[in-house]
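# Observations on chain architecture
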Amino acid sequence: MTIAPSSLSDAQIKSLAARIDRPIVLVGMMGVGKTSVGRKLAQLLSLPFADADEAIEEAAQMSVSEIFERFGEDYFRDGERRVIARLVAEGPKVIATGGGAFVQEETRLLVLERGIAVWLDADVDTLVERVRRKDTRPLLRGGNPAEIVARLKREREPFYAQAPIRTTSESGPQGETLRRILEALDQWL
Ligand code: S3P
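Now for a look at the structure at hand. (Residues numbered from 1 in each chain as written. Predicted model: local features only at pLDDT ≥ 70, side-chain atom pairs only at ≥ 80, totals over all residues. Heavy atoms only, no water.)

## What about the site of the ligand?
- Close to the ligand lie 13 residues; Lys34, Asp53, Arg77, Arg137 and Arg156 are nearest.
- One nitrogen or oxygen atom from the side chain of Lys34 is found 2.6 Å from an oxygen atom belonging to the ligand.
- Separating an oxygen atom of the ligand from a side-chain N or O atom of Asp53 is a distance of 2.8 Å.
- In isolation the ligand has 380 Å² of accessible area, and contact with the protein removes 94% of it.
- By residue class, the composition of the shell around the ligand is five nonpolar, three polar and five charged. (Near = heavy atom within 4 Å. Polar contact = N/O pair within 3.5 Å; in protein donor to acceptor, adjacent residues only side chain to side chain. Areas by Shrake-Rupley, 256 points an atom, 1.4 Å probe, with all protein chains shown as cover. Nonpolar A, V, L, I, M, F, W, Y, C, P; charged D, E, K, R; others polar.)

Pasting the structure below:
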């Protein structure tokens with residue numbers, strides 16, 4: 001896959017991939033693009049990809065919205081914690097987590113200890129524009145999505161900031177975001 005001009009060569013990406021000995025865990029707000037960036041990152045590094053929300057849905061045989069509706073957020077967080085612990089234990093791969101996962105202490109400590117957390121960040125306007133494309137997020141249902149996104153971002157930033165790697169994913173080409181993540185991983189490892 002071509003990522004961006006003046007980016008890492010295939011050989012550099014290969015040598016980086018060979019040094020990855022634990023899961024790369026994407027954290028950050030809903031709408032930032034963790035799933036789509038994660039999928040491409042996994043492809044570039046020839047690693048398996050897992051989306052935590054999808055894994056929760058598979059385990060529960062229910063959509064995330066349905067879990068929230070029928071059992072509430074605490075129940076969802078409990079399943080999320082267990083699913084992420086299982087995914088992290090599986091070794092090197094790229095994991096996209098739901099926006100609230102890294103705020104939960106147990107999950108955050110586990111990811112910080114056993115994985116490489118990458119905070120994917122974007123400004124509120126970009127996030128709001130992206131979350132508008134999907135109406136499946138239970139936390140956005142009870143009010144004004146722009147206000148909820150702004151509040152959650154403010155509340156969650158101190159947690160996301162504990163990730164050792166932070167990169168932005170603004171509206172430009174996704175290749176740029178991937179290149180920045182690869183370079184940050186290269187320096188960090
Ligand atoms: C949530 C984000 C969602 C999903 C759930 C709760 C959150 O995932 O886990 O609706 O608390 O921010 P995405 O970040 O993939 O939208």
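## Focus on the pairing of strand S1 (residues 24-27)
- Burial of the side chains of S1 extends over both faces: Ile24 and Leu26 are buried on one face and Val25 and Val27 on the other.
- By the bridge criterion, three bridges tie S1 to strand S3 (residues 94-96) in an arrangement that is parallel. Bridge assignment links Val25 to a residue of S3, and that residue is Ile95.
- Of the pairings in the sheet, the one linking S1 to strand S4 (residues 116-121) comprises four bridges and is parallel in character. Residue pairing across strands places Leu26 opposite Val118, the latter belonging to S4. (Buried < 20%, exposed > 50% of the residue type's maximum accessible area, 1.4 Å probe, protein only. Helix = DSSP H or I, 4+ residues; strand = E, 2+ residues; numbered from the N terminus. Pairing = 2+ DSSP bridges.)

## Concerning the environment of Leu109
- Examined against the element boundaries, Leu109 turns out to sit in helix H6 (residues 105-114).
- Counting along the chain gives 91 residues from Leu109 to Ala18, while the straight-line C-alpha distance between them is 25 Å.

## Thoughts on the packing of aromatic side chains
- In this structure the tally under the stated criterion is three aromatic pairs.
- A ring pair is formed by Phe68 and Phe76, whose centres lie 4.9 Å apart and whose planes are at 40 degrees; its orientation type is tilted.
- Residues Trp119 and Tyr160 carry aromatic rings whose centres are separated by 5.9 Å and whose planes lie at 35 degrees to one another, so their mutual orientation is tilted. One end of the pair, Trp119, is in strand S4; the other, Tyr160, is in helix H8 (residues 145-160), and 41 residues separate them in sequence.
- The ring of Trp119 has Arg166 sitting right over it, with the charged end atom 5.1 Å from the ring centre. (Phe/Tyr/Trp six-rings, centres within 6.5 Å; stacked < 30°, edge-to-face > 60°. Lys NZ or Arg CZ within 6 Å of the ring centre and 35° of its normal.)

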